[in-house]
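Residues per chain are reported as follows:
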Amino acid sequence: MSVSIRSGTVESLEDQIMRLVQSRTGGRIHSLNVVVSRGEVIISGRTSTYYLKQLATHAALDLAGQFTGLTNDIAVS
């Protein structure tokens, strides 16, 4: 896992991605979970539209560009 320093605090990449996804989707990804492991970012949770799932993907990619993979396991129902 990678960490960065932001405003004098240490925040994990997982936390940064989670906060950005929630911000860009207006908090409409329920049970959001972010895992960074072996060069891959995995996001999961559930939402009501594919549009919100796509917004979550783009938010995660903005912060996780250096990783080899992104898996979006957000369920749409």
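Residues numbered from 1 in each chain as written. Predicted model: local features only at pLDDT ≥ 70, side-chain atom pairs only at ≥ 80, totals over all residues. Heavy atoms only, no water.

Enquirer: Please clarify how the overall build of the protein should be interpreted in this entry.
Expert: Summing up its helical and strand segments, the protein has 2 helices and 5 strands in all. Put simply, the protein runs from its N terminus to its C terminus through helices and strands in the order β-β-α-β-β-α-β. When the 77 residues of the protein are sorted by exposure, 32% land in the buried category. Sequence-distant contacts in the protein: of pairs separated by 6 or more residues, those separated by 24 or more amount to 49%. (Helix = DSSP H or I, 4+ residues; strand = E, 2+ residues; numbered from the N terminus. Buried < 20%, exposed > 50% of the residue type's maximum accessible area, 1.4 Å probe, protein only. Contact = heavy atoms within 4.5 Å.)

Enquirer: Explanation requested: the pattern of salt bridges in the structure shown.
Expert: According to the stated counting rule, one finds 1 salt bridge in the structure shown. Linking R24 and D62 is a salt bridge whose minimum nitrogen-to-oxygen distance equals 2.6 Å. Of the two residues, R24 sits in helix α1 (residues 13-24) while D62 sits in helix α2 (residues 50-63), which places them 38 residues apart along the sequence. Classification of R24 by relative accessible area gives partly exposed; the value is 39%. A residue is classified by how much of its surface remains accessible, and D62, at 52% relative accessible area, is exposed. (Salt bridge = Lys/Arg side-chain N within 4 Å of Asp/Glu carboxyl O.)

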